[in-house]
Amino acid sequence: MKFNPFEEKPKKIESVIMSWKDIFVKPYNKNEVSPYTKTRIILMNGTEFEATWCKHHFNRHYPDNDARRAVAFLRRSEQQQQKLISLLKPIDETLLETTIGYEQLAVDLTAFLAQRTVDKTVKDALDFALLEDFDHLYRYANLLEMDMGIHAERLVGGYTELMPARPTIAHHRHPCDTIRPSINNKTADPVTKLDVAIITAAEQQTMNYYMNIAQFYKTQKGRELYAEIGMVEEDHVTHYGSLMDTKATIFENLLMHEYTECYLYYSMLNDESDENVKRVWEMLLEQEIAHLHSAVELLNKYENKSWEEVIPGGAFPELVSLHENKEYVRKVLAKTVTLTAKGEGYADVSELEEDYKFFKYQKKVNAKPEEERGHTVICDHIEKYGEDYRVQDSEHPIKCLRSRKEDNFVLGTKPTNC
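The structure reproduced in this document is the subject of the present report. No experiment lies behind these values; they were computed from the predicted model shown. (Residues numbered from 1 in each chain as written. Predicted model: local features only at pLDDT ≥ 70, side-chain atom pairs only at ≥ 80, totals over all residues. Heavy atoms only, no water.)

Some details on the pairing of strand β2 (residues 345-348)
Next up, step 1: Two strands pair when backbone bridges link them, and strand β1 (residues 339-342) and β2 are joined in this way by 4 bridges, in the antiparallel orientation. In the sheet register, Ala 341 faces β2, and the bridge partner there is Tyr 346.
Next up, step 2: Adjacent in sequence and paired antiparallel, β1 and β2 are bridged by 2 residues, among which Gly 343 carries a positive phi angle near 60 degrees. (Pairing = 2+ DSSP bridges. Helix = DSSP H or I, 4+ residues; strand = E, 2+ residues; numbered from the N terminus.)

Comments concerning the packing of aromatic side chains
Next up, step 1: Applying the stated criterion across every chain, the model contains 25 aromatic pairs.
Next up, step 2: Ring centres 4.3 Å apart and planes at 20 degrees place the aromatic pair Phe 3 and Tyr 266 in the stacked group. Linking Phe 3 in the segment before α1 (20-23) with Tyr 266 in helix α9 (residues 250-271), this pair joins segments that are 263 residues apart in sequence.
Next up, step 3: A connected cluster of aromatic rings, assembled from ring pairs, spans Phe 3, Phe 6, Tyr 259, Tyr 263, Tyr 266, Trp 307 and Phe 316.
Next up, step 4: Above the plane of the ring of Tyr 356 lies Lys 342, whose end atom (NZ or CZ) is 5.6 Å from the centre. (Phe/Tyr/Trp six-rings, centres within 6.5 Å; stacked < 30°, edge-to-face > 60°. Lys NZ or Arg CZ within 6 Å of the ring centre and 35° of its normal.)

Focus: the pattern of salt bridges
Next up, step 1: Scanning the model with the defined rule gives 28 salt bridges in all.
Next up, step 2: The salt bridge partner of Arg 404 is Glu 387, with a shortest N-O separation of 3.5 Å. Note that Arg 404 is positioned in the segment after α13 (373-385) and Glu 387 in the segment after α13, a separation of 17 residues in sequence.
Next up, step 3: On the basis of relative accessibility, which here comes to 30%, the residue Glu 387 falls in the partly exposed class.
Next up, step 4: Close ionic contact of Asp 388 with Arg 390 constitutes a salt bridge, the shortest N to O distance being 2.8 Å.
Next up, step 5: We classify Arg 390 as buried; its relative accessible area is 9%.
Next up, step 6: What emerges from the salt-bridge pattern is a single network uniting Glu 132, Arg 166, Arg 173 and Asp 235. (Salt bridge = Lys/Arg side-chain N within 4 Å of Asp/Glu carboxyl O. Buried < 20%, exposed > 50% of the residue type's maximum accessible area, 1.4 Å probe, protein only.)

Geometry only, nothing functional implied.
Spelled out as structure tokens, the structure:
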């Protein structure tokens, strides 16, 4: 029987507030824990951040103070949960080691969602950004070996390949090309609604992480790489966020956020291999079920709607599972590496008009493409070690990305034979 959080008896809402002892949890051992435990923690950190900011939006735009007080209580609990999850990261894990986890999550979560979604618009959006996060992972992995002598292969556990994709330089598009058609929650299937909510929160967490830590990296080159990729993540947050239903009411959004959190905690609980972290997911799931039932009461009180009108049935669909997706990534790479965004869709860069805004934006942002940091980090690695750092199970599917002695920074930015 599928799990339905609406049928669960919730804890009393007052009981969800935690003490400092509850919040100060034992961190994982970075040398022993599964890479996917790390990625699950990053995902749930981002999910809690998204839930918190949804409630700040509520606080700033809804006039009824009784409703705002009820949401303030939920928000405080979400903040405690987010702080607890953040503290699962150990002190001895560096910013760059954590970054590898962020990009592995982006790759394998995006690939998982893309393979299960039934909505073509959502699938195309996922496949498009998948290649860019995959390329980011490769560039950070090269920086990691240069600056710390650490091989990212050990951090990703061999589950995710490390090789170039659509070059980072090609990810910088005109802002007007980042908007996608929004879904309609009333007609969209449950998986589509969840997928859009999940990937938006995950990418937003990555954007925030990069933009907040860039200035703390120890070298100027590293600072610049974080800043550049952080801007790409802003593109991705707009890209995915624009898929969300723009007509959903503020209480419908509140309910959907709580449902998504319940769904993800239940998924993480069923996917988790670390017993200490598993207990955390179980505790937070119980709290989220209480949040969900509170959101049900608010929806009924202020909009006179039942939860069934927003989330018919309520039983969870297929759970999220983080695992290897190498063949799927290779398949998408082989078919779509030269795509860029055009309007609300996509086009091969060779099909764009010569004066299209993508090229104008590229000339402005990447005035000297040979100096773009995503490119030079690979050049620096090649100069130091004689070749780039990559881990492939077989030959790269794109011919002009096979060389380990040079970095291709033309592919995806202009028509080219490859």
